[in-house]
Structures are given as C-alpha cells and as structure tokens.
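An overview of the molecular structure
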Amino acid sequence: MFDFDNIEAQIPHNGVRTRFAPSPTGYMHVGGLRTALYTYLIAKKAGGAFILRIEDTDQNRFVEGATEIIYSTLRGAGINWDEGPDVGGPTPPYIQSERREIYAAYAEKLVELGGAYRDGDVIRQKIPREGETTFTDLIFGDITVQNDSASMDEGVLLKSDGLPTYNFANVIDDHLMGITHVVRGSEYLSSAPKYVLLYNAFGWEMPQYITVSPVMRDAQHKLSKRNGDPTYDDLLTQGYLTDAIVNYVALLGWSPGGEREIFTLRELEEVFDVGGLSKSPAIFDVAKLRYFNAEYIRALPPGIFAALAEPYIRQSVKNPNADIAALAELVQARCEVLTDIPEKLDFIDALPEYPAELYVHKKSKTDGKISLDMLKSILPELEALPDWTRDGVYGVCEALAAKLDAKNALVMWPLRIAVSGKAVTPGGAAEICAVLGREESLRRIDAGIKKLEAE
C-alpha cells in the first residue's frame, strides 16, 4: 500500500524552491543553459534552494553519459545545486526513472479523483469539454484556453511501460519537491492549462510559472544544434571563457536596467529580477558574445591568462624555451577568443615567407627603398644595444626617427615587417623584438635587408 501521507509530509515548505529538470539527451544548448541560470538566480536571489532533477522518462532519447555532461556543464558554469541526484536532499530520488512507483500510485489516485481514466494499458488525463481553463504566468500574464480546443487533448499520463509522460511527471515531482517557481520555455505555454487541471484535480497549489522567450539564431530560426548552432561545450572549444558565456547568456532575454552589461555570477545573484525578463525572442549574437569575451580576457590577471593561453600558444610556438608569460602578454589585449592566439603567434618559431610588397605602407610613408635604408640604419644600432628589452629597442628606434626628423612609424613599420613577416601582428616592432630575443631579431632584420636588396 502506497503511503501518500508519509510522502506528502516530506514536502519542504521553507521559502523559494526552484528546479532545473533537463533530459539526458546530449550536450547542453544555450537555451538550456539560460533556463538553468535563470532558475538558479531566482533561488539564490531569494535565499532559496535550487534543485537539479534528471527527467529521463523518455528512454528512447536517453544518451549514455549525458547525465554526467549535465553535471559537468552546470558545475563548470558555477551553477551549483542544493539538492540533486548526486548530493541528495529531503525529497529523493531526483532521477525520474527511479520514481516509477510514485507516478503509478498518483496516476491511480487521479483516476479515483476523476481527473484521469484507464484506456487499455495506459492512463489518460480527463479533460472537461465545457468551459475554459485560465492560468497566470509571471511574464505573459493571464492565459485562457477553451477546454474543447485542439490543444487540450486527453493525453497519456502513464505509459504501458509504467513510466509517466513528461507532462504528468513534472507536475507530480514539482508538487512533492515543494517547487515554488518553474522557469520554462514558451513551447510549454500550450501545455500549462493541462497542468492546471491536474493540480486542481489533486487539490494542490500550483507553483508560479515563469515562461521565457526562445533564443533565436535570427528573426526566423530558433537556435538549434541540428542546424549547427553551438552548445555550451562548443563555445568552450571555440575559445570562449565560461564567465563571459554565463554573463552573455544572462542577458539573452533579460535586462538589468541601466547601461551596465558586465556582471559576475555572484553579482547576477544579487541583481537578478524576474521583472527584467522580456516576452520578445532573444537573438544569439556571436559578435556581441565575442565582445563580451574580449572584455573578460582583458580583465584577467596576467598569470591566469597565461595559464589559459598556454595550450593555444603551444599550438604555434614549439620552442621549449619560449617565454610563455611574455607571449601571453603580447596577445592578451589583442584577442577576442582563445582560439585567436595560434594564428597571431605563427611567426614566432620561424619567419614565414613573405612578399617584399609588405614593406610598402602609405600611412607610414614607406616603400621598398625607404624600408631598406631604415633597416640598414637600425641594424648596427640594435647590434650595439646593451639592454635588449622592449623599452631598449623602442628607445633606439625613437632616437633614429628623431635623428632623421621623421615619425616613429617610418622606422617601426619596416622593422615590424622584417621581424614578423606579417602586416598584422599582436604587438609592435619593439615588443616582437623583445619576445624573439637579440639573436633571432638581428637575424631576421638581416634577412629583410637581403630580401629588399634582391628586389
């Protein structure tokens, strides 16, 4: 005999309780991460509890290892749960497939209460065919659906395999876990009246529903992994920082008010307010995310950035004696994502083949002949330089420009081309020389002179 009184007595009634209930079907997409984040922030702002529940009743969609991906994704983003499958809590178990007995008992009880009926080897919801059903959403307001509408079909609650459908399981679990606020996507708006009827049939109080608008790739298309849109893990692989992703995702459909956009997760916990959520779809703007990421990269302490950047630096710079800290300093303010780094440093190990035309630069007023003269003038000066540092190299170039009564760029441009072989570099000529060192820098300048003499 199922003990309804005992399980109902375990329901927590201690403030705000929210839940994130993903299905273990693969990597987490941006919309799922946003739902988790908002759900977490609502709980934290109110000093409440954030619950993780795994909704695995659709065994056909189950992906091996996906539950662990959910754990690692949320923890990696700093979204830690107070109750869940791996940490326990007052209302276990937190995996739906382990709650089969509970659903079966409540389905039978619902039949007794007149809210459901048996149809062969399944149990279906009973929908009144007259009147209307109304519910209130904190974002979309009051929504009314006619009970005889096509969306109010008498769907299956308990399947022939004894497992519940999503619509039944989430109502039972939200009630028994004491959930007070439910964040969900707008695709569930049409299902909400059926939830209302279930809650009414049991005589239970409904949680507050907070429906968030979809995340779109553009005005016509929702963000979708099937269409090649990135998951959270894809974004990490593409060189985005976790903190930047979380910050940007928070602003996809939510406004904090004012001009400020950069928030840490702890700051979001303090300022998040449901009133800032929008009904309008949010466009996932990769350019805006790159901007956020660049801001976060620039704000990192140099040592932390160097540690993050080292694997990317090593994709281009194989020299075991390379100064990783110096190379990281060179690129920190000049990359938007970590994956920018290898291409920016691909000239460090070896001078690439480059055309002499690079020495022609109208803005610096240099051409092949002027560049040749500059390199011939600067080479002996640098050979005699006792202090081979960025400032030392820069001082020599500055002095030569002053001696020639010319702008610094007249000297710096040909020197930068000679030591890098590139028109666009992550630093100026003096910075590159400092990183390359005396011997390699002088060798490359000499090679530049020979290249120009051969023209």
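What you see is a predicted model, and the numbers here were worked out from it, not measured in a lab.

Here we take up the nonpolar core. Ranked by internal contacts, the top residues of the largest apolar core, which has 56 residues, are Ile341 and Leu382. Mapped onto this core, the elements with two or more residues apiece are α10 (286-299), α11 (302-316), α12 (324-332), α14 (368-383), α15 (390-403), α16 (408-420), α17 (429-436) and α18 (438-453). With 8 residues, α16 is the largest single contributor of residues to this core. Contact partners of leucine 382, with chain neighbours within four places excluded, come to Trp388, Val393, Val396, Leu415, Arg438, Leu442 and Ile445. Listed in part, the 48 residues of the second largest apolar core include Val30, Tyr71, Val249 and Leu252.

Its 14 residues give α10 an end-to-end C-alpha distance of 20 Å, which sits within 8% of 20 Å, the value for a rise of 1.5 Å per residue. Burial in α10 covers these residues: Leu289, Phe292, Asn293, Ala294, Tyr296 and Ile297. Along its buried surface, α10 packs onto α7 (232-237), α8 (242-250), α11 and α12. Two or three places before alanine 287, at the opening of α10, aspartate 285 has a side-chain oxygen 3.0 Å from that residue's backbone nitrogen.

The next point concerns the packing of aromatic side chains. Evaluation of the coordinates by the stated rule reveals 17 aromatic pairs. Of the aromatic side chains, those joined through ring pairs into one cluster are Phe2, Phe4, Tyr106, Tyr199, Phe202 and Trp204. In this structure, arginine 390 is placed above the aromatic ring of tyrosine 394, and the distance from its NZ or CZ to the ring centre is 5.6 Å. Cation over ring: lysine 451 sits above tyrosine 354, and NZ or CZ is 4.5 Å from the ring centre.

Direction vectors running N to C along α11 and α12 enclose 95 degrees, while the axes themselves pass 9 Å from each other. Taken together, α11 and α12 sit at an angle that is classed as roughly perpendicular. In this structure, α11 uses Pro302, Phe305, Ala306, Glu310, Ile313 and Arg314 to contact α12, whose residues at the interface are Ile324, Leu327, Ala328, Val331 and Gln332. When the residues that make up the contact of α11 with α12 are grouped by side-chain class, the tally is 8 nonpolar, 1 polar and 2 charged.

The next subject is the pairing of strand β8 (residues 181-185). Counting buried positions over the 5 residues of β8 gives 5, a clear majority of the element. The alternating pattern of β8 places His181, Val183 and Gly185 on one face and Val182 and Arg184 on the opposite face, and all of these are buried. Relative to strand β9 (residues 208-212), β8 runs parallel, the two being bridged by 5 bridges. Looking at the pairing, arginine 184 lines up with threonine 211 of β9. Taking the sense of rotation as the criterion, the β-α-β connection linking β8, helix α6 (residues 192-202) and β9 turns out right-handed.

The strand order across the open sheet built from 3 strands is β3-β4-β7, with neighbouring strands paired in antiparallel fashion. Edge positions in the sheet fall to β3 (116-119) and β7 (156-158), since each has one partner strand and no second. With strand direction ignored, the average angle separating the axes of adjacent strands in the sheet is 45 degrees. Looking at chain direction, strand β4 (residues 122-125) and β7 are connected through 2 bridges and run antiparallel. Looking at the pairing, arginine 124 lines up with valine 156 of β7. Lying on the sheet, helix α4 (residues 100-113) is in contact with β3, β4 and β7; it crosses β3 at an angle near 105 degrees.

What follows is about unusual backbone geometry. The peptide bond linking proline 92 to proline 93 adopts the cis configuration, its omega dihedral lying at -10 degrees. Phi is positive for lysine 365, which is not a glycine, with a value near 60 degrees. Structurally, lysine 365 can be placed in the loop between α13 (341-344) and α14. With a phi close to 55 degrees, aspartate 405 is a non-glycine residue in the positive phi region. Summarising the element assignment, aspartate 405 is placed in the loop between α15 and α16. Given a relative accessible area of 74%, aspartate 405 falls into the exposed group.

Moving on to the pattern of salt bridges. Under the definition given, this model contains 27 salt bridges. Note that arginine 290 and glutamate 336 form a salt bridge whose closest N and O atoms lie 2.8 Å from each other. Of this pair, arginine 290 sits in helix α10 while glutamate 336 is found in the loop between α12 and α13, placing the two residues 46 residues apart along the sequence. Taking the relative accessible area as the measure of exposure, glutamate 336 reaches 35% and is therefore partly exposed. Note that glutamate 343 and lysine 422 form a salt bridge whose closest N and O atoms lie 3.4 Å from each other. One end of the pair, glutamate 343, is in helix α13; the other, lysine 422, is in the loop between α16 and α17, and 79 residues separate them in sequence. We classify glutamate 343 as partly exposed; its relative accessible area is 48%. Its relative accessible area of 12% is what places lysine 422 among the buried residues. Salt bridges here are not isolated pairs; linked through shared partners, they connect Arg19, Arg53, Glu55, Arg99, Asp173 and Asp174.

What counts, and where the lines are drawn
Residues numbered from 1 in each chain as written. Predicted model: local features only at pLDDT ≥ 70, side-chain atom pairs only at ≥ 80, totals over all residues. Heavy atoms only, no water. Core = buried A, V, L, I, M, F, W, Y, C linked by side-chain atoms within 4.5 Å. Buried < 20%, exposed > 50% of the residue type's maximum accessible area, 1.4 Å probe, protein only. Helix = DSSP H or I, 4+ residues; strand = E, 2+ residues; numbered from the N terminus. Contact = heavy atoms within 4.5 Å. Expected span 1.5 Å × (residues − 1). Polar contact = N/O pair within 3.5 Å; in protein donor to acceptor, adjacent residues only side chain to side chain. Phe/Tyr/Trp six-rings, centres within 6.5 Å; stacked < 30°, edge-to-face > 60°. Lys NZ or Arg CZ within 6 Å of the ring centre and 35° of its normal. Axes fitted to C-alpha atoms, helices over the stretch in contact; angles between N-to-C directions. Parallel < 35°, antiparallel > 145°, perpendicular 65-115°, else oblique. Nonpolar A, V, L, I, M, F, W, Y, C, P; charged D, E, K, R; others polar. Pairing = 2+ DSSP bridges. Right-handed = clockwise from strand over helix to strand, strands pointing away. Salt bridge = Lys/Arg side-chain N within 4 Å of Asp/Glu carboxyl O.

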